[in-house]
Amino acid sequence: MMNEPVPGDVVAAVRVARTCLLDAQFRLDDHGYHCRLLDGLQDGASTLLAEWAGRDRPTPALTVPLYFTEAAQQYRRAARRSY
């Protein structure tokens, strides 16, 4: 991305932004909502921080088995965490 290090105040600001985005995701989840756009923003902030720290971009998660996804959906319905 860049050859020069990213200024510390920029890194700090992106860390704060990432934390705020995570907080928003958790608050939405508590109300039974999900926003893919918010997920993308938080993912982007995390990716920037990883790259600036000299780490590789996170790899996409492996495919989750269907039975695992169905169990999670059943749990969320039982816990009244989704509509």
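It should be emphasised that the depicted structure is a prediction, and the values quoted were computed from it without experimental measurement.

Novice: Describe in detail helix 2 (residues 36-52), supporting the description with residues and values.
Specialist: With 17 residues, helix 2 should cover 24 Å at 1.5 Å per step; its first-to-last C-alpha distance of 24 Å lies within 8% of that length. For helix 2, the set of buried residues is Leu38, Gln42, Ala45, Thr47, Leu49 and Ala50.

Novice: Just give me the short version of the confidence of the model for the protein, but keep the residues and values in it.
Specialist: Scored by pLDDT, the protein has a mean of 85; 92% of the residues are at 70 or more. Least confident of the elements in the protein is helix 3 (residues 66-78), whose mean pLDDT is 86; most confident is helix 1 (residues 8-30), at 93.

Novice: Help me get a handle on the nonpolar core, residues and values and all.
Specialist: Counting residues in each nonpolar core, the largest one holds five residues, listed as Val6, Val11, Val14, Ala45 and Leu49. Taken together, the elements giving at least two residues each to this core come down to helix 1 and helix 2. With residues up to four places along the chain from it excluded, the contact list for Ala45 reads Val14 and Arg18.

Procedures and definitions
- Residues numbered from 1 in each chain as written.
- Predicted model: local features only at pLDDT ≥ 70, side-chain atom pairs only at ≥ 80, totals over all residues.
- Heavy atoms only, no water.
- Helix = DSSP H or I, 4+ residues; strand = E, 2+ residues; numbered from the N terminus.
- Expected span 1.5 Å × (residues − 1).
- Buried < 20%, exposed > 50% of the residue type's maximum accessible area, 1.4 Å probe, protein only.
- pLDDT = per-residue confidence, 0-100.
- Core = buried A, V, L, I, M, F, W, Y, C linked by side-chain atoms within 4.5 Å.
- Contact = heavy atoms within 4.5 Å.

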